[in-house]
Amino acid sequence: MRIEPQTNPICNSIDACELAQERARGAIWTPAMHLLRERTGGANHRVKRSFTVLALSPVTLAVLLACFCCAGAAGDRKASSGQKDSLPYVPLRKPASNSVVLFNGKDLSNWRQPDGRPAVWKVKDGVMTVARGNIVTDETFSDAFIHVEFREPYVPEATGQEKGNSGVYLQGRYEIQVLDSYGIKIPGTGDCGAMYGQYAPLVNACKPPLEWQTYDAIFRAPRVDQSGRVVERARITVLQNGVVIQNNVELLGPTAGHLDENVGNPGPLLLQDHGSPIQYRNIWLVHLPLKGSDKY
Ligand code: MG
């Protein structure tokens, strides 16, 4: 059953505001918002208190009153912390101290379109939303640890590759698929967490749409000889939401939609526009030393 949206949504938290805005753009967020609230029991429901004073000793009454006041103060602090009616919020994982922060949460100063034009994705409240065209980082890398957080919209009518499609391309060449694959028992090579078209994820570690998810990838770039011939293929290990979904797989080559085939060169991180309003935040990488890892 479809739950009709409220006519005047309460916009009292970042997530609630985003949801209202997304709904105005046509995405159906409200049913999922209700589902999430039901599932979590809400973040900050007011507790109605009623009690009857019985014949208690003065000492007992004093203890009860002290406890009640403390509970009331704690409730006030919670109410003033902005949690009221908010959706479950996964805290940002702090970037590693030696990381390169690729998305600063404020603007797209470290990003551009592949042809060099300015990136035009929307940025608000520390989150970027897919708009027109793929975007790439100015930063390039070879071996690296990469952390990305993303959130799927709630689009129950969409199916297959149209259901919240995007992608995280390492070096602009190897796509970790981003898709709403929540609930799929046996994910395939096109599902979320797949190395697109090559390796399905070991398990389906997807969270439902509207929940923030994480990718942590350990990427070993291909090794090439002096003529540019690949002598060792790229390898990747990926954790989704803390679960290993790719275990040191050997990539067969760049995946579909790759930026170029100069596999011996460093490359940027590319985020894919596939026509869905995927959201990203907290993106950073740690360059890994090649020395000591020059032979697999
Ligand atoms: Mg994709």
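Okay, so let's go over this structure. Model, not experiment: these values are computed from the prediction. (Residues numbered from 1 in each chain as written. Predicted model: local features only at pLDDT ≥ 70, side-chain atom pairs only at ≥ 80, totals over all residues.)

So, about the nonpolar core. Formed by 47 residues in total, the largest nonpolar core has its most connected members in Ile146, Met195, Ala217, Ile236 and Tyr280. Contact partners of tyrosine 280, with chain neighbours within four places excluded, come to Phe103, Met128, Val148, Glu149, Phe150 and Leu271. (Core = buried A, V, L, I, M, F, W, Y, C linked by C-beta atoms within 7 Å. Buried ≥ 20, exposed ≤ 12 C-beta atoms within 10 Å, placed from the backbone. Contact = placed C-beta atoms within 7 Å.)

Relative to the helices and strands, asparagine 104 is located in the loop between strand 1 (100-101) and strand 2 (111-112). In this structure asparagine 104 comes out as partly exposed when scored by C-beta crowding, with 13 C-beta atoms within 10 Å. For the pair asparagine 104 and asparagine 282, spaced 178 residues apart in sequence, the C-alpha separation works out to 7.5 Å. (Helix = DSSP H or I, 4+ residues; strand = E, 2+ residues; numbered from the N terminus.)

Judged by pairing direction, the sheet is antiparallel, and its five strands sit side by side in the order 2-5-14-7-8 without closing on themselves. The strands lining the two open edges of the sheet, one partner per strand, are strand 2 and strand 8 (174-178). Bridge count between strand 7 (residues 166-170) and strand 14 (residues 267-271): two bridges; the pairing is antiparallel. Its bridge partner being in strand 14, tyrosine 169 is matched across the sheet by leucine 270. (Pairing = 2+ DSSP bridges.)

To continue, consider the pairing of strand 8. Within strand 8, five of the five residues are buried, which leaves it mostly tucked inside the rest of the structure. Taking every second residue as pointing to the same face, both faces of strand 8 are buried, with Tyr174, Ile176 and Val178 on one and Glu175 and Gln177 on the other. Taken together, the five bridges between strand 7 and strand 8 define a ladder with antiparallel strand orientation. Note on strand 8: the bridge partner recorded for glycine 167 is glutamine 177. Hairpin connection between strand 7 and strand 8: a loop of three residues separates the two successive antiparallel strands, and glutamine 171 in this loop has a positive phi of roughly 60°.

Moving on: the environment of alanine 217. Along the chain, alanine 217 turns up in strand 9 (residues 212-220). Taking the C-alpha atoms as reference, alanine 217 lies 5.6 Å from phenylalanine 145; in sequence the two are 72 residues apart. With residues near it in sequence (within four places) discarded, alanine 217 still touches Ile146, Leu170, Ile176, Ile236, Thr237 and Val238.

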